Each structure stands twice: as structure tokens, then as C-alpha cells.
Amino acid sequence: MKVLKLILIFVLVLGAFSCNEDPKVEDTVTTYYFIRHAEKDRSDTENVDPELTQKGLGRAMHWAEIMDDVAIDAIYSTDYERTQMTAAPIAVKKNLTVQIYDPGTIDITQFKAENLNKKVFVVGHSNTTPDFVNKMIGQKKYEQLDDHQNGSLFIVEIVNGIASDMRLNFNCNCPD
């Protein structure tokens, strides 16, 4: 009789576990928005860290308007005046601190892990932005930007480890 009760309890417990569905695993979705800094001041060719021109300041404000309805969780910029000035209007609107990154030493795996399930805005340069996007998507798709191209927005979305990307171009009717 005891053996029969034990077998019955075992069957009931086993049945209870086998009837449960596997717990649903949540999707991981991370979205990155990459831009090149806005128009820089080219009046002093010796200055390696120029600020933005009036048009560049207008474009930085324009980027903030474009991203207004996007819930940004983190903002990254290289350690240059022009990139930080480009990121500043978005950071102010979103009440976020701009984090500095070095495109030459950034660990892509760590960067992805630190920003998992976030929406991240990244400001770089004509050469570093396409390179960063290429590393994020795992292929060499984008070439260095023309030095006067300041209106490209690269969007990389990584869903459960699978990356998709697109490039949009925005004109800015900003005053010179």
C-alpha cells in the first residue's frame, strides 16, 4: 500500500511538471543610433579640436528634435568638442550624462553587454561612425563618410543577438 501511494505521488508530481509550459524567454532588443558630429569650424586648419559652426549648432538642435520621441537610455560621444557639442542638446532634453568612449579601444562585446535592452545614441566622426556600425553588425558594409556629410543616421537593432541595420539621411535647413 505504501509503495502504491509513493508511485501515485510520483506520477502526480511528474504530471504536474510535465503539464507546465516552458517559461517564455523574453526577447532582448537593443537599438543603437549612430551619427557623425555636426558641421565643425574649419577656419583654423591647425585646430584638431574645433567647435561647431552656427550651422553645426543648428544641426545639433535638429538631431535633438529628430530624436525627441525616442526614449534614449544612454548617450556616448568621443572626447572632442564637436562631438560633445553635437550630443549636448539630446543629453539636455533627455536629462542624461554624455559618456565618453574611445573608438580605437572600445570593446564591442562589452559595449553590447553594458547596453543590452537599451536605446543608445552614439556620436562619432566620419571614419569612426561607419566603422563602429560595421563592428556592431559584424560585417564591412559602410565606408568612411565624406568629410562634409553630417546628416547620416545609422540605426542598428539587435534582437536576440541578430543585428539589422539601416542608414537614413537628414537634410538640415540650418542657417550658415
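Higher on the page you've got the structure.
Residues numbered from 1 in each chain as written. Predicted model: local features only at pLDDT ≥ 70, side-chain atom pairs only at ≥ 80, totals over all residues. Heavy atoms only, no water.

Peer 1: Just to check I follow, could you spell out the overall build of the chain for this structure?
Peer 2: For the chain, the helix and strand inventory stands at five helices and six strands. Taking all 176 residues of the chain together, the buried fraction comes to 36%. Here the analysis covers contacts within the chain between residues at least 6 apart in sequence; of these, 66% occur between residues at least 24 apart. Summed over its atoms, the accessible surface of the chain is roughly 10900 Å², and 53% of this surface lies on carbon and sulfur atoms. (Helix = DSSP H or I, 4+ residues; strand = E, 2+ residues; numbered from the N terminus. Buried < 20%, exposed > 50% of the residue type's maximum accessible area, 1.4 Å probe, protein only. Contact = heavy atoms within 4.5 Å. Areas by Shrake-Rupley, 256 points an atom, 1.4 Å probe, with all protein chains shown as cover.)

Peer 1: Help me understand helix H5 (residues 128-137), please; the structure alone is not making it clear to me.
Peer 2: In an α-helix, one turn spans 3.6 residues, which is why side chains three or four residues apart end up on the same side. H5 sits mainly inside the fold: eight of its ten residues count as buried. Buried within H5 are the following residues: Thr128, Thr129, Pro130, Phe132, Val133, Asn134, Met136 and Ile137. Buried residues along H5 sit in contact with strand E1 (29-36), helix H4 (108-114), strand E4 (119-124), strand E5 (152-159) and strand E6 (162-169). Positive backbone phi, at 75 degrees, marks Gly138, one or two positions downstream of H5.

Peer 1: Sorry if this is basic, but what is going on with empty space enclosed by the protein here?
Peer 2: Picture a little ball the size of a water molecule; that probe, rolled over the atoms, points out where space is still empty. Summed over all chains, the structure comprises one cavity of 30 Å³ or more. Empty space within the largest cavity amounts to approximately 30 Å³. Lining the largest cavity are Pro103, Ile106, Ile108, Thr128, Asp131, Phe132 and Lys135. The element best represented in the lining of the largest cavity is H5, accounting for four residues. Of the residues assigned to the lining of the largest cavity, the class counts are four nonpolar, one polar and two charged. (1 Å grid on protein atoms, 1.4 Å probe; cavity = no way out; pocket = protein on both sides within 12 Å on 5 of 7 lines; lining within 4 Å. Points joined across faces, edges and corners; volume = space filled by probe spheres on them. Nonpolar A, V, L, I, M, F, W, Y, C, P; charged D, E, K, R; others polar.)

Peer 1: For this particular structure, what's the right way to read a negative patch on the surface?
Peer 2: A contiguous patch of negative charge on the surface is contributed by Asp41, Asp44, Glu46, Glu51, Asp79, Glu81 and Asp102. Tracing the backbone through its elements, the reader meets Glu51 in the loop between E1 and helix H2 (54-66). (Patch = residues over 30% accessible without salt bridge, like charges linked within 9 Å, V, L, I, M, F, W, Y side chains within 5 Å. Salt bridge = Lys/Arg side-chain N within 4 Å of Asp/Glu carboxyl O. Lys, Arg positive; Asp, Glu negative; His and termini not counted. Charge placed at Lys NZ, Arg CZ, Asp CG, Glu CD.)

Peer 1: What exactly am I supposed to notice about the pattern of salt bridges here?
Peer 2: For side chains of opposite charge, pairing can occur when their charged atoms come near one another. Using the criterion set out here, one finds six salt bridges in the structure. Its salt-bridge partner being Asp131, residue Lys135 comes within 3.2 Å of it at the nearest N-O pair. Of this pair, Lys135 and Asp131 are both found in helix H5, four residues apart, which corresponds to roughly one turn of the helix. Assessed through its relative accessible area of 36%, Asp131 is described here as partly exposed.

Peer 1: For this particular structure, what's the right way to read the nonpolar core?
Peer 2: Nonpolar side chains in soluble globular proteins tend to end up buried together. Ranked by size, the top nonpolar core spans 18 residues in total, and within it Tyr32, Phe34, Phe111, Val122, Phe132, Met136 and Val156 carry the most contacts. Where this core is concerned, the elements lending two or more residues are E1, strand E2 (74-77), H4, E4, H5 and E5. Ignoring anything within four residues of it in the chain, the contact list for Tyr32 reads Phe111, Lys112, Asn115, Val120, Met136, Phe154, Ile155, Val156 and Ile158. Judged by nonpolar contacts, the second largest core, of 15 residues, contains Ile35, Ile72, Ile75 and Phe121. (Core = buried A, V, L, I, M, F, W, Y, C linked by side-chain atoms within 4.5 Å.)

Peer 1: Explain the packing of aromatic side chains to me, please; I cannot follow it from the model alone.
Peer 2: In this description, a pair of aromatic rings is defined by centroid distance and the angle of the planes. Following the criterion strictly, the structure yields eight aromatic pairs and no others. Taken together through their ring pairs, the aromatic side chains of Tyr32, Phe34, Tyr76, Tyr101, Phe111 and Phe132 make up a single cluster. (Phe/Tyr/Trp six-rings, centres within 6.5 Å; stacked < 30°, edge-to-face > 60°.)

Peer 1: In this structure, what is going on with the environment of Glu157? I would like to understand it.
Peer 2: Assignment of secondary structure puts Glu157 in strand E5. With relative accessibility at 32%, the residue Glu157 sits in the partly exposed group. Sequence separation between Glu157 and Met136 is 21 residues, and the spatial gap between their C-alpha atoms is 9.3 Å. In this structure the side chain of Glu157 is engaged in a polar contact, spanning 3.4 Å, whose partner is the side chain of Thr31. (Polar contact = N/O pair within 3.5 Å; in protein donor to acceptor, adjacent residues only side chain to side chain.)

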